[in-house]
Number of protein chains: 2
Amino acid sequence: MPVFLTSEDADFEARFAALLGMKREEAEDVDQVVAGIIADVRTRGDTAVLELTARFDRLELTAAGMAFSDAEIAAEIAKVSAEDRAALELAAERIRAYHERQRPEDASWTDAAGAQLGWRWTPVSAAGLYVPGGLASYPSSVLMNAIPAKVAGVSRLVVTCPTPGGVVNPLVLLAAQIAGVDEVYRIGGAQAIAALAYGTATIAPVDKITGPGNAFVAAAKRRVFGRVGIDMIAGPSEILVIADAGNDPDWIALDLLSQAEHDQSAQAILITTDAGLAQAVVAAVEARLQTLERREIAGASWRDNGAVIVVADLAQAAALANRIAPEHLEIMVEDAEALAAAIPHAGAIFLGPWTPEAIGDYVGGPNHVLPTARSARFSSGLNVLDFMKRTTMARMTPEALKAIGPSAERLAISESLEAHGLSVRARLDRLNG
Amino acid sequence: MPVFLTSEDADFEARFAALLGMKREEAEDVDQVVAGIIADVRTRGDTAVLELTARFDRLELTAAGMAFSDAEIAAEIAKVSAEDRAALELAAERIRAYHERQRPEDASWTDAAGAQLGWRWTPVSAAGLYVPGGLASYPSSVLMNAIPAKVAGVSRLVVTCPTPGGVVNPLVLLAAQIAGVDEVYRIGGAQAIAALAYGTATIAPVDKITGPGNAFVAAAKRRVFGRVGIDMIAGPSEILVIADAGNDPDWIALDLLSQAEHDQSAQAILITTDAGLAQAVVAAVEARLQTLERREIAGASWRDNGAVIVVADLAQAAALANRIAPEHLEIMVEDAEALAAAIPHAGAIFLGPWTPEAIGDYVGGPNHVLPTARSARFSSGLNVLDFMKRTTMARMTPEALKAIGPSAERLAISESLEAHGLSVRARLDRLNG
């Protein structure tokens, strides 16, 4: 049974705080192993990557065989059904349309002092996208990572995807092709992250690395951060559903289970003002768990990490939701928009009963790479800006320098930075002299 | 003498690559010490912070004495001259005006399928700003970190600034007051970062931490990343000046020295099409180094890390500049805007001879917290978006779900995520039933 809390309980605050503080993932201490792998790839390049791939993925490759050739890609893609291809293409088109609206604008203006100011956005030149192998090798994630990069204008986009024992998911290759990925390598783990960050003879280095991965990949991303940019370190998936009376308990149960089935560390929480609905959802989850294909994973997630919370009113629901700062937030109440406005801290919000979170995983348009583990308090889902950077621009005229230069000189002197002050003073003297 | 390269040299590429790969900072291995400090603060809270402050800053505090009181702040601020105050206020006003233009816009639209889509930007609730003590305790950095946070709408803004031996910089406190900082604590080092990230009885935790610091602070920020958001890990300062013939060598020399004087690990580089100017700048630097207050630091930086590169034309200058991806880029050529357009990878660009970089450090308006160590390839200077996050929003109507739901279901099945598919199917069945 999941945690069941009622806000009227005497120990509610303590139990809710315990739920928030719950550690769902064991922090595997792989940092030393990963440090060794990165050092090895920096020193020995391709040779190290090939040895590590043989060891971890049971796959013997040559340097030339690391990349999928066009012919190999075509052969794999030919296995995809027309229906799957059409679904992927619809998803890609909608994700592209959404993210194209995120393209930022440059700015340029002249202020009262006569200073010309502004900024300029430009894409990173090359980005690497890590795609996990095996069970979590999701073609939808390829689209969600690659399309924002291409919309940003990244000219070289590289995918690394381990193929343990040589097994490939054709849909991953198709998604990469649809999204416009330029190179795909059959390598994974910390060695793939190291190759992307530092480059090898075969793989040119990139400037930014995104995408989910296991503990080794996460530790490697943390280590190369600074050398390259990285996206967030992803934790297990989460959903919070806020519902009032009059919702279908089975719909809510399925929405909760669609996170729970990802991973037994995933977390699904229902907050409701209706105690009857709470009970009905618990029963509906149990019923669905009888037959669900991934019932072992989903059941463990629900039992160990799930929670049902009955609150007095929606204001209380909003307050708790902000503390949870959920990755996914479904709002199934009469005025969903009003409640959403009271919950600033959430990765993605799904409004109304006709918006199951799974729509957002695939075809809604918004990104499904979202901040987990309460990081929606300070970070955003993956977006076009993650693949761009802003350069600030300034041009002083002599008049502008006359107007504001003396203050710069004054502050430089107060900070004991004489050359700073002199660089302004030399120009002011020319103007005054 | 700094490195002197001419693009016609036979070994130019090798020597330029060596310059790029040069390690200017010794990587102090403080990670284990920092891990211990963070664990200690998490366990013992205020007690640990107070003991560590006594040990590292030679300052005995009580928990109640960690924060500056209003009276203490007023007493310190009273020491500031009217001129310094006026300069700080002008700087604050210009920085605020620039950053107010960076406020992002929300979006909301209905697409052809009838799906209501959009996003919403909201500020982080609480941010912590680390201000170094001692020599590098710059009031301008307080403004540059705090003002974007306040423009973003951060409601609680906390400064930590160590005061070794109890010594305070009144200008830092004044800058904090002008910028609207809410709390100032006289603590520093990894213990301050840990207190900001995890909270103590006295200091409530924040959601985002920004600001420069020494190796301990940098290692602590890297460790708490994920628990809270952080800005970049700052490295030593850099400037690249690109100049053609007809510039004043002394102006360029002063601009180069204004980075070199920060730190002996700082790097100042001149690229010019004019060999005569190159020689004249080298001579002008030597002349200024005779009398500069910080000549030991600036001289060591120039000698060990400086470089002068003579190129055949501006296209070559642009290509090299993109590889350097400088933190600060001054362009002093006839058509500075045209050359800037060819250099996407730079933190901040200063156009024309009347725009010394020092203007940008204080009063220009753009931020002076900028990406170092080639990270302008993938990251931006500090800006308002660093203190905000974007929540994506989606609402499906029954019609929209009918249009795109089947593709979501199909993709869910292809990824073996049955509950995802069922959550869509249950709703489609209701519509079709």
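Residues numbered from 1 in each chain as written. Chains lettered and ligands numbered in written order. Predicted model: local features only at pLDDT ≥ 70, side-chain atom pairs only at ≥ 80, totals over all residues. Heavy atoms only, no water.

**Regarding helix α16 (residues 398-414) of chain A**
A rise of 1.5 Å per residue sets the reference length of α16(A), with its 17 residues, at 24 Å; its end C-alpha atoms lie 24 Å apart and thus fit the reference within 8%. The sharpest bend along α16(A) comes to roughly 45°, located at A:I404, with the proline A:P406 sitting one to four residues further on. Within α16(A) the residues assigned to the buried category are A:A400, A:L401, A:I404, A:G405, A:S407, A:A408, A:E409, A:L411 and A:A412. Those residues of α16(A) that are buried are in contact with α17 (418-432) of chain A together with α5 (82-100) and α15 (357-362) of chain B. Looking one or two residues past α16(A), A:S416 carries a phi angle of roughly 60°, positive in sign. (Helix = DSSP H or I, 4+ residues; strand = E, 2+ residues; numbered from the N terminus. Expected span 1.5 Å × (residues − 1). Bend = angle between axes of the 7 residues up to and from the residue. Buried < 20%, exposed > 50% of the residue type's maximum accessible area, 1.4 Å probe, protein only. Contact = heavy atoms within 4.5 Å.)

**Notes on a negative patch on the surface**
Among the surface-exposed residues, A:E105, A:D106, B:E105 and B:D106 lie close enough to one another that they form a single negatively charged patch. Of the residues examined, B:E105 reaches a relative accessible area of 66% and is grouped as exposed. (Patch = residues over 30% accessible without salt bridge, like charges linked within 9 Å, V, L, I, M, F, W, Y side chains within 5 Å. Areas by Shrake-Rupley, 256 points an atom, 1.4 Å probe, with all protein chains shown as cover. Salt bridge = Lys/Arg side-chain N within 4 Å of Asp/Glu carboxyl O. Lys, Arg positive; Asp, Glu negative; His and termini not counted. Charge placed at Lys NZ, Arg CZ, Asp CG, Glu CD.)

**Here's the deal with unusual backbone geometry**
Residues and elements named next belong to chain A. For R58, which is not glycine, the phi torsion reads 50° and is therefore positive. Examined against the element boundaries, R58 turns out to sit in the loop between α3 (46-57) and α4 (70-77). Here R58 falls in the exposed class, since its relative accessible area comes to 57%. In this structure, A373 is a non-glycine residue whose phi angle is positive, near 55°. Following the sequence through the fold, A373 ends up in the loop between α15 (357-362) and β14 (388-395).

**Looking at the pairing of strand β10 (residues 267-272) of chain B**
Residue and element names in this part refer to chain B. Most of β10 is tucked away: six of the six residues are buried. Side chains Q267, I269 and I271 project from β10 onto one buried face, and the interleaved A268, L270 and T272 project onto a second face that is buried too. By the bridge criterion, six bridges tie strand β9 (residues 238-243) to β10 in an arrangement that is parallel. Bridge pairing links I239 to A268 in β10. Taking the sense of rotation as the criterion, the β-α-β connection linking β9, helix α10 (residues 249-260) and β10 turns out right-handed. (Pairing = 2+ DSSP bridges. Right-handed = clockwise from strand over helix to strand, strands pointing away.)

**Notes on the packing of helix α10 (residues 249-260) of chain A against helix α11 (residues 275-289) of chain A**
Residues and elements named next belong to chain A. The interhelical angle for the contact between α10 and α11, taken along N-to-C directions, is 60°, at an axis separation of 8 Å. As summarised for this structure, α10 and α11 are arranged oblique, according to the angle between their axes. Relative to α11, the crossing made by α10 is right-handed. In this structure, α10 uses P249, D250, I252, A253, L254, L256 and L257 to contact α11, whose residues at the interface are L277, A280, V281, A284, V285, R288 and L289. A class-by-class count of the residues in the contact of α10 with α11 yields 12 nonpolar, no polar and two charged. (Axes fitted to C-alpha atoms, helices over the stretch in contact; angles between N-to-C directions. Parallel < 35°, antiparallel > 145°, perpendicular 65-115°, else oblique. Left-handed = near helix turned anticlockwise from the far one by under 90°. Nonpolar A, V, L, I, M, F, W, Y, C, P; charged D, E, K, R; others polar.)

**As for the UniProt feature "binding site: NAD(+)" (unreviewed entry) in chain A**
Residues and elements named next belong to chain A. With numbering matched to this structure, UniProt assigns "binding site: NAD(+)" (unreviewed entry) to Y130, Q191 and N214. Across 85 residues, the annotated set stays spatially compact, with a maximum C-alpha separation of 12.6 Å. One can find Q191 in helix α8 (residues 189-198). Not counting chain neighbours up to four residues away, the residues in contact with Q191 comprise I37, V41, V49, L52, T53 and F56. Residue placement: N214 occurs in the loop between β7 (208-210) and α9 (215-224). Within polar-contact distance, the side chain of N214 engages the backbone nitrogen of F216 at 3.0 Å. (UniProt positions renumbered as here; feature names shortened; annotations may be inferred. Polar contact = N/O pair within 3.5 Å; in protein donor to acceptor, adjacent residues only side chain to side chain.)

**A look at the sheet that holds strand β8 (residues 229-230) of chain A**
Strand order in the open sheet formed by five strands is β6-β5-β4-β7-β8 (chain A), with parallel pairing between adjacent strands. Each having just a single partner strand, β6 (183-185) and β8 of chain A make up the two edges of the open sheet.

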